[in-house]
Amino acid sequence: MRPFKYSRAEDVHSAIQKVAANPNAKFLAGGTNILDLMKEDVERPDELIDVTRLDLAGVKMSSIGVSKKSIAIGGLGKNSDTANHPLIRQNFPLLSQAILSGASAQIRNMATNGGNLNQRTRCSYFYDVSMPCNKREPGSGCSALEGINRMHAVFGWSKDCVAVHPSDMCVALVALDATVRVQGIEGKERSIPIIDYHRLPDNMPQIDNNLKQGELITAIDIPENNFAGNSYYLKIRDRASYAFALVSVAAGLEINGDSIQQARIAMGGVAHKPWRAAEAEKFLVGKTPTQENYKAAAEVEMRNADPLEHNKFKIELGKRAIVRALQLAISNNMS
Amino acid sequence: MREKHKIIGSPVSRIEGHLKVTGKAAYAAEFSFPHLMYGFPVQSTITAGEIKSIDVIAAERSPGVLKIITHHNALKLMPRPPVTHANRMTRSNPVLQNTRIHCFGQYIGLVVAETYEQARFAARLVKVSYKTERPKIDFDENLKDAYKPEILNAGHPTDTSWGDLESGLKQSAEILSETYNTPIEQHNPMEPHATIAFFEGERLTVYESTQILGTTKEAIANTFNIPKENIQVLAPFIGGGFGSKLQPREHLMLTVMAAKMLNRPVKTAITRQMMQTNVGLRQHNRQKVRIGTEKDGKLLALSHEIVTHTSVDEEFIEQSGAISRMMYEVPNSLVTHRVFTTNIQVPRWTRAPGETPGSFALESAMDEMAHRLKIDPIEFRTKNEPSVNPENKKPWASRSVIECMRMGAEKFGWNMRNSEPMSTRNGRWLVGYGMASASRGAPCREASARVKITNSNKNIRARIELAATDIGTGSYTIIAQVAAERLGLPVEKIKVIIGDSDLPPTPGSGGSWGAGTYTNAVDAVCEKAKNELLGKSKIKFVNEPGITELMKAAALNEYQTEGSVKPSEESEKYSHFSFGAHFAEVWVDESLGIVKIPRFTSAIAAGTILNEKTARSQIISGVVWGIGQALTEESVLDKRYGNYVTRTFADYHVPVNLDIGNIEVYFLHEEDKTINRLGVKGVGELGITSVAATIANAIFNATGKRIRDLPITPDKLLL
Ligand SMILES: Cc1cc2nc3c(=O)[nH]c(=O)nc-3n(C[C@H](O)[C@H](O)[C@H](O)COP(=O)(O)OP(=O)(O)OC[C@H]3O[C@@H](n4cnc5c(N)ncnc54)[C@H](O)[C@@H]3O)c2cc1C
Ligand code: SF4
């Protein structure tokens, strides 16, 4: 690990100021990602500002408008506390399931909600500093494009990077239409819809998201919805736990009588950002919740997928995962 | 006829267990010395070529750095003689002697610093430029260069044949010809390799996580040209080895070199990432199996033809076809091994080398054939049971594989199996049953031991000393049990001292010989002590006396003797193998390809079971690794660069708790009268053998899909 300066922030303002003032400074939250990357020499900050003592951990219910409510989860809330909070379990079981399907209990106890959003890709070339990687070293080339890319993207990739975003939690947040609240140097808060928070790689894969240097994630707002009872997070991986997704699907269906009022589908393990399956969603609105319609929706969505040499299976797996997630969302089968 | 055992066999808990669970058992990297320095290897970032230059200026200036050793300033070491079966573990292993790079991650230097962190940081500051060559990595691209090696690991012959395979196939009513692939697998014992070394004058002390003390000492002596007598190797506790700690590795030689150059103690503990690149691996085996049978299932022909890779730096070939030479009676047989060189690191013994990949091919093929013949897989195997070892015509000392299959079938509920694939469902899960039979060679080797008996205030205690290792298997405990049994003392009165190369020599732990070899030496030396004391005694005993009576009769407060024992000439006349049968129930998600193994049953016949608890742990752990082999484990290399894409535990998937269901182990009562005094055959490697085939067979029964390329990940079950 390279030598670095460490300090603990006492208040939000000074934390932001310190990181904004030094382009090589980073926030330290749970440390489950940044410290690993520093040990691997992938991240090389010269200053870490520990934000874990800031009071940004709670889960709060608030009103937006007259009848609509939303819940805010703190940027520094622990992943496990968030997943197990009664308000989240009751109103957003999709988010609970997604968080609990990631990492291990120990890691979730350390990991924070803000850190989860900003965790970096698990592309193993990115982690291996002896290999070319545009995300780590812009201009050095993408090793995965023509290398081993079984775990990589089938949507939205560019010649410069084919990595996927590893988070499970963010996939659920996308299906839930969350917004990320961030605070910057001027003390002003701004809100970024989660779908616009992460980026596609284009020709700048070194930039994962639209957060500016020094901006701190203070909270994530999740609007109330009508599909809490009809939602499911499905994660398919190479072993039963403690592995990143081959493909994952967050699904929610709002049903009115016999017809689908609203469909929310997001996918993980398929793109540089959590992938909103907008085409499938559109297809399902107004249709009946049947296996045939799910299949057709999955076909519509995966039609646009563009696989690499080793991940062609993600297309078929993606289709089947969409169908299964929708089925389980309805039957609410937790098995 | 031997008397019935009271202590041998009983499930005594590990006598060192409390030390381990309280963190008091010190492993190689956990010893501390004044002025201890830390070594961190510098690794090659290319896979084939030459080092052009190494720039250490920045690294040398880094805080805490004491020395940077590269080929420029390395001590001159003894040249390496060509490898033979006999010298593989002991020959000189000269590191940093030239600029040649033959594999990715090869150690090309060592940074020595005051702290581990300083050494690791400075290692990154070493700038190396290379002349890069295109590495030989890809299996298919290099296959054309396969040649016939002279000999395989452990002296197994390269090719064997009897009868005439082709005409056997021609006569056959049913023929199967399939190819099976088992991928590169990696060693990952709980404790990564580590060394501490220091000189005191001419004397060298080494703490090393090693399976064998004696060969480690010899290899150091041969590498540095130091008399063996001046070297002491200590390994009181070892956190698993599985073959990766049989041969003294390069980190050890780097550490000894640094200790010598700086004349201070040096510690080098390698990282998990280096476990992927520097401690050996199980090679990819491509295995073509052909089976021909009569209509009734009698085997007429069996061939097992293997191609695999070795390193450009050393030839090592596991005996993957050996199992097909001894498992079934067949009049026409052909088993061959071919190998080509690559820039992948040298393969190494990996739990049941040969049997683990070989059994996947053979036992999958047997299952495929049974299905075609519409014969129950157990019946098919039973029909082809050999009365003597087909390879050398030696009689079996003991072979209870049919009994294992029967017992396992009964305990598992094999009769509930529907032989028609895809016929059992549970919701969206397809349920399948599979089985395979297992075998593993049961070697026993020469070893020695010392017993010291003390009598203080009528408190008789014994101390057993031998240069054995406990690699997590339970050596401490079984040694204590055998001594207690033989001396007539409770286990608590036995002190076991092992893990020190200055003690009476043994061949260490490996190849499943450890348990039988150690305990027979201990058994023999205890008997020797008793006989010698009986000779000194003036009393005539009516019943066989214990050590307490003997010490009293001889009026001694202290007595010690040493002895050794080696396999008898009689035992050479027989074939010695452990046997077993595995059964698995699998559930496969029909649409998503996810596999669960809710239960697994193993029936094991391995002669005398010294301790039911530790033996059971051995089998369970073998089954767990077998499940990894079947479902998750595979090292993937990028053929352009030769790097490991699966470079950490995040990408190289070993099974986690949730992947493991209920594993039941049953031991058959079996007596082996020739293998050794106690009739011990060893269970360390039997557990993993044929597990992958068992699971693949069950997956076929569940889904009708036959997967011949491991591991069976969800994507392979989609189509
Ligand atoms: C072995 C392992 C397995 C894992 N498996 C999974 C999995 O299956 N699924 C999954 O989703 N995740 C998985 N993870 C990732 C885990 O979820 C993340 O590491 C974790 O969420 C990161 O949170 P943290 O608080 O520890 O972040 P840190 O490591 O502290 O920080 C990560 C990044 O976020 C920045 N940051 C932190 N907080 C803020 C904030 N409030 N505002 C702005 N920037 C901030 C930091 O500066 C840093 O750049 C795994 C991790 C490990 C180590
Ligand atoms: S996919 Fe992205 S992260 Fe991976 S090697 Fe290519 S540029 Fe780097």
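Sequence order sets the numbering: in each chain, residues are counted from 1 along the sequence as written. Chains and ligands are labelled sequentially in the order written, the chains with letters from A and the ligands with numbers from 1. Local features in this predicted model are restricted to residues whose pLDDT is 70 or higher, and side-chain atom pairs enter the listing and the counts only when it is 80 or higher, whereas totals over whole chains, interfaces and linings include all residues. Heavy atoms from the whole structure form the basis of all side-chain values; hydrogens and water molecules are not counted.

- As recorded in an unreviewed UniProt entry, chain B goes by Acylaldehyde oxidase and comes from Niastella yeongjuensis.

- The name an unreviewed UniProt entry assigns to chain A is FAD-binding molybdopterin dehydrogenase, from the organism Niastella yeongjuensis.

Quick word on the overall build of chain B
Inference 1: Per the secondary structure count, chain B includes 18 helices and 26 strands.
Inference 2: When we talk radius of gyration, it's over C-alpha atoms, and the globule rule is simply 2.2 Å times the number of residues to the 0.38. By the compact-globule yardstick of 27 Å for 719 residues, chain B fits well, its C-alpha radius of gyration being 26 Å.
Inference 3: On the principal axes, the C-alpha backbone points of chain B span a range of 80 × 75 × 50 Å.
Inference 4: Residue pairs at least 24 apart in sequence account for 82% of intrachain contacts in chain B once pairs closer than 6 positions are excluded.
Inference 5: When the accessible surface of chain B is totalled, it reaches about 26300 Å², and 51% of it is carbon and sulfur.
Inference 6: His is not counted, nor are the chain ends, whereas Lys and Arg count as positive and Asp and Glu as negative. In this description, the location of a charge corresponds to atom NZ of lysine, CZ of arginine, CG of aspartate or CD of glutamate. Counting 86 positive and 79 negative side-chain charges, chain B places the centres of these two groups 3 Å from one another. Only DSSP runs of H or I with at least four residues qualify as helices, and only runs of E with at least two residues qualify as strands; both kinds are numbered from the N terminus onward. Residues count as neighbours in contact if any of their non-hydrogen atoms are within 4.5 Å of one another. Using a 1.4 Å probe, accessible areas were evaluated by the Shrake-Rupley method; residue-level cover was limited to the displayed protein chains.

Looking at the nonpolar core
Inference 1: What we call a nonpolar core is a set of buried Ala, Val, Leu, Ile, Met, Phe, Trp, Tyr and Cys residues that are connected through their side-chain atoms within 4.5 Å. The rule is simple: take the accessible area with a 1.4 Å probe, protein chains only, and divide by the maximum for that residue type; under 20% is buried, over 50% is exposed, in between is partly exposed. Core analysis: the largest hydrophobic core is formed by 76 residues, its most contacted members being I291, V586, L631, I695 and I699 of chain B.
Inference 2: Contact partners of I291 of chain B, with chain neighbours within four places excluded, come to L169, E174, I175, L176, L299, A301, L302, A365, M366 and M369 of chain B.

With respect to the pairing of strand β6 (residues 179-183) of chain A
Remember that side chains alternate between the two faces of the sheet whenever the strand is regular.
Residue and element names in this part refer to chain A.
Inference 1: Whether two strands pair comes down to DSSP finding at least two bridges between them. Pairing of β6 with strand β7 (residues 189-193), which is carried by five bridges, proceeds in the antiparallel orientation. Along β7, the bridge assignment pairs V182 with R190.
Inference 2: The loop that links β6 with its antiparallel partner β7 comprises five residues; one of these, G187, has a positive phi angle of about 85 degrees.
Inference 3: The pairing of β6 with strand β8 (residues 216-223) spans five bridges and is classified as antiparallel. Opposite T179, over in β8, you have D221 as the bridge partner.

What to know about the site of ligand 1
Residue and element names in this part refer to chain A.
Inference 1: In these notes, residues near a molecule or strand are those with any non-hydrogen atom within 4 Å of it. The local shell around ligand 1 holds 33 residues, among which F27, G31, T32, T112 and D168 are the closest.
Inference 2: F27 places a polar main-chain atom, nitrogen or oxygen, 2.5 Å from an oxygen atom of ligand 1.
Inference 3: Between N or O atoms, a polar contact is any pair within 3.5 Å; within protein, one atom must be a potential hydrogen donor and the other a potential acceptor, and residues adjacent in sequence are included only when both atoms are from side chains. In this structure, a nitrogen atom belonging to ligand 1 sits 3.4 Å away from a side-chain N or O atom of Q119.
Inference 4: Here ligand 1 loses 94% of its free accessible area of 980 Å² to cover by the protein chains.
Inference 5: Put simply, the parts of the chain that give the shell around ligand 1 at least two residues each are β2 (25-28), α2 (34-39), α7 (113-118) and β8.

What to know about the packing of aromatic side chains
Residues and elements named next belong to chain B.
Inference 1: Centres within 6.5 Å are what make two rings of Phe, Tyr or Trp a pair, Trp counting through its six-membered ring; a difference in plane orientation under 30 degrees is then read as stacked, over 60 as edge-to-face, and the rest as tilted. The final tally for this structure, using the stated rule, is 19 aromatic pairs over all chains.
Inference 2: Aromatic pair Y27 and F237: ring centres 5.9 Å apart, planes at 45 degrees, arrangement tilted. Here F237 lies in the loop between β12 (231-234) and α7 (250-262) and Y27 lies in the loop between α1 (17-21) and β1 (37-43), a separation of 210 residues in the sequence. As far as burial versus exposure is concerned, Y27 and F237 are alike and both buried.
Inference 3: Cluster of aromatic residues (ring-pair linked, three or more members): F31, F33, F198 and Y207.
Inference 4: In this arrangement the basic side chain of R445 is found over the ring face of W513, its NZ or CZ atom lying 4.3 Å from the centre. Definition used: whenever NZ (Lys) or CZ (Arg) falls within 6 Å of the ring centre and also within 35 degrees of the ring normal, the charge is taken to sit over that ring.

Section: the confidence of the model for chain B
Inference 1: Along the chain, pLDDT gives the predictor's confidence residue by residue, from 0 to 100. When pLDDT is averaged along chain B, the result is 97; 100% of the residues meet or exceed 70.
Inference 2: Model confidence for the complex: the whole-complex pTM is 0.97, and ipTM, which rates the interface, is 0.96.

Things to note about the interface of chain B and chain A
Inference 1: Contacts between the two partners involve 34 residues from chain B, matched on the other side by 39 residues from chain A.
Inference 2: Reported buried area values correspond to the accessible surface (1.4 Å probe) lost by two parts on association, with both partners' losses combined. Taking both partners together, chain B and chain A bury about 3100 Å²; carbon and sulfur atoms supply 55% of that area.
Inference 3: Salt-bridge detection follows one rule: a side-chain nitrogen of Lys or Arg within 4 Å of a carboxyl oxygen of Asp or Glu. R324 of chain A is the salt-bridge partner of D589 of chain B, the closest N and O atoms lying 2.6 Å from each other.
Inference 4: Counting the contacts that link chain B with chain A gives 13 residue pairs in polar contact (both at pLDDT 80 or more).
Inference 5: The residue makeup of the side of chain B that touches chain A, split by class, is 15 nonpolar, eight polar and 11 charged. Here the term charged refers only to Asp, Glu, Lys and Arg, the term nonpolar to Ala, Val, Leu, Ile, Met, Phe, Trp, Tyr, Cys and Pro, and the term polar to all other amino acids, Gly among them.

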